[in-house]
Amino acid sequence: MPSIDLNSDLGESFGTWKLGDDDAVLSVVTSANVACGFHAGDPRTILDTCRAATENAVRIGAQVGYRDLAGFGRRFIDMDPSDLTADVLYQMGALDGLAQASGSAIAYVKPHGALYNAIVTHREQARAVVDAVRSYDPTLPVLGLPGSVYLDEARAVGLRTVTEAFADRAYTPSGELVSRRNDGAVLTDPAEVARRVLRMVQEGVVEAVDGSTVAVDAESICVHGDSPGAVEMAVAIQKILSDNDIDISAFV
């Protein structure tokens, strides 16, 4: 039976500001990209998310990002690579401590937001993130966009790379994500999103914004926990995959 990992960005609430329904999403996904406090998440929220992930047998990934709470990590920061490496190490260590206190540990690393998009082409920052992961634990896989220099740099030093596609984001004809500044960048119709995911898994393609077909080679599919209707989309994806004899299971 074919299978696919389903991941989601979680633990992003901050204090009294609540974002998403982490508990509901954790009942569906197999991997949780947990905020590390730099772009979102406070210690209590992160700890609660780690505990809930552990209870649901969901793997915990470190979602590292720029130090940008006000911008939710979605603004590019032109950082010195050494500073970025240190920031990523700091975030990994903090999340791993909370995960271990919950009976688990971080199992992979996935950059967030503007950092994720930057290291598709920004080689210095890509190398800085890779240096942090390799220094912390060279056995940790890294999630990234197919064709990114980030995955190239990770492979070059022997890190396990995991390619992912996005259920609820629009694609450019070149296979990159449409900027959130553009209309239609985020998809919200659960039925449409579910059909897209099924096609990604079965055919390895997705329709770009111009109607062209883009190849996607994905071991994991992301549905954003902060997207409108995230729970409904996750459930719809789960159902359509199950109906087509596709198993949702963590990447190995």
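Use the structure listed above.
This section reports on the structure supplied with the text. Computed from a prediction, not measured in an experiment: that's the story for all the values here.

## Regarding the overall build of the protein
Next, step 1: Secondary structure assignment for the protein yields eight helices and 10 strands.
Next, step 2: Against the 2.2 N^0.38 benchmark of 18 Å for 252 residues, the protein shows a C-alpha radius of gyration of 17 Å, consistent with a compact globule.
Next, step 3: Of the contacts made within the protein by residues no fewer than 6 positions apart, 72% connect residues no fewer than 24 positions apart.
Next, step 4: Split by element, the accessible area of the protein, about 10500 Å² in all, is 49% carbon and sulfur.
Next, step 5: Averaging the positions of the 20 positive and the 36 negative side-chain charges in the protein gives two centres separated by 1 Å.

## Notes on the packing of helix α3 (residues 81-101) against helix α5 (residues 123-136)
Next, step 1: Running from N to C, α3 and α5 cross one another at 40°; their axes reach a closest spacing of 8 Å. The pairing of α3 with α5 is recorded here as oblique in orientation. In this structure, α3 crosses over α5, and the sense of that crossing is right-handed. In this structure, α3 contributes Pro 81, Leu 84, Thr 85, Val 88, Leu 89, Met 92, Gly 93 and Asp 96 to the contact, and α5 contributes Glu 124, Gln 125, Ala 128, Val 129, Asp 131, Ala 132, Val 133, Ser 135 and Tyr 136.
Next, step 2: Per-class residue counts for the contact of α3 with α5 are 10 nonpolar, four polar and three charged.

## Looking at a nonpolar patch on the surface
Next, step 1: On the surface, Phe 14, Trp 17 and Leu 69 cluster together into a nonpolar patch covering about 310 Å² of accessible area.
Next, step 2: Turning to its location among the elements, Phe 14 is positioned in the loop between β1 (3-10) and α1 (22-26).
Next, step 3: Classification of Phe 14 as partly exposed rests on a relative accessible area of 38%.

## Quick word on the pattern of salt bridges
Next, step 1: Going through the model one piece at a time under the given rule, you end up with 12 salt bridges.
Next, step 2: A salt bridge links Lys 110 to Asp 9, with the shortest nitrogen-to-oxygen separation between them at 3.7 Å. Here Lys 110 is found in the loop between β4 (106-109) and α4 (113-118), whereas its partner Asp 9 is found in strand β1, with 101 residues between them in sequence.
Next, step 3: For Asp 9, a relative accessible area of 3% translates into the label buried.

## Brief notes about the layout of surface pockets
Next, step 1: Empty space within the largest pocket amounts to approximately 530 Å³.
Next, step 2: Along the walls of the largest pocket sit 25 residues, with Gly 113, Ala 114, Asn 117, Arg 169 and Arg 180 positioned nearest its centre.
Next, step 3: Split into classes, the residues belonging to the lining of the largest pocket amount to 10 nonpolar, seven polar and eight charged.
Next, step 4: There is about 250 Å³ of room inside the second largest pocket.
Next, step 5: Contributions of two or more residues to the lining of the second largest pocket are made by α1 and α2 (43-55).
Next, step 6: For the lining of the second largest pocket, the leading source of residues is α2, giving five residues.

## Regarding the side chain of Asp 87
Next, step 1: Relative to the assigned elements, Asp 87 resides in helix α3.
Next, step 2: According to the relative accessible area criterion, Asp 87 is buried, its value standing at 12%.

## A short note on α5
Next, step 1: Taking 1.5 Å of rise per residue, 14 residues should cover 20 Å, and α5 covers 20 Å from first to last C-alpha, within 8% of that figure.
Next, step 2: By the burial criterion, the buried members of α5 are Gln 125, Ala 126, Ala 128, Val 129, Val 130, Ala 132 and Val 133.
Next, step 3: Tucked into the core, α5 has its buried residues touching α3, β4, α4, β5 (142-144) and α6 (149-156).

## A short note on the side chain of Ser 102
Next, step 1: Relative to the assigned elements, Ser 102 resides in the loop between α3 and β4.
Next, step 2: Given the relative accessible area of 13%, Ser 102 is considered buried.
Next, step 3: Those residues within four positions of Ser 102 in sequence are excluded, and the remaining contacts are Leu 47, Cys 50, Arg 51 and Thr 54.

## Notes on the environment of Thr 121
Next, step 1: Along the chain, Thr 121 falls in the loop between α4 and α5.
Next, step 2: Since its relative accessible area comes to 58%, Thr 121 is described here as exposed.
Next, step 3: A sequence separation of 73 residues divides Thr 121 from Asp 48, and the C-alpha atoms of the two residues are 35 Å apart.
Next, step 4: For Thr 121, the residues in contact, after removing those within four places along its chain, are Val 149 and Glu 176.

The rules behind the values
- Residues numbered from 1 in each chain as written.
- Predicted model: local features only at pLDDT ≥ 70, side-chain atom pairs only at ≥ 80, totals over all residues.
- Heavy atoms only, no water.
- Helix = DSSP H or I, 4+ residues; strand = E, 2+ residues; numbered from the N terminus.
- Rg over C-alpha atoms; globule rule 2.2 N^0.38 Å.
- Contact = heavy atoms within 4.5 Å.
- Areas by Shrake-Rupley, 256 points an atom, 1.4 Å probe, with all protein chains shown as cover.
- Lys, Arg positive; Asp, Glu negative; His and termini not counted.
- Charge placed at Lys NZ, Arg CZ, Asp CG, Glu CD.
- Axes fitted to C-alpha atoms, helices over the stretch in contact; angles between N-to-C directions.
- Parallel < 35°, antiparallel > 145°, perpendicular 65-115°, else oblique.
- Left-handed = near helix turned anticlockwise from the far one by under 90°.
- Nonpolar A, V, L, I, M, F, W, Y, C, P; charged D, E, K, R; others polar.
- Patch = residues over 30% accessible without salt bridge, like charges linked within 9 Å, V, L, I, M, F, W, Y side chains within 5 Å.
- Salt bridge = Lys/Arg side-chain N within 4 Å of Asp/Glu carboxyl O.
- Buried < 20%, exposed > 50% of the residue type's maximum accessible area, 1.4 Å probe, protein only.
- 1 Å grid on protein atoms, 1.4 Å probe; cavity = no way out; pocket = protein on both sides within 12 Å on 5 of 7 lines; lining within 4 Å.
- Points joined across faces, edges and corners; volume = space filled by probe spheres on them.
- Expected span 1.5 Å × (residues − 1).

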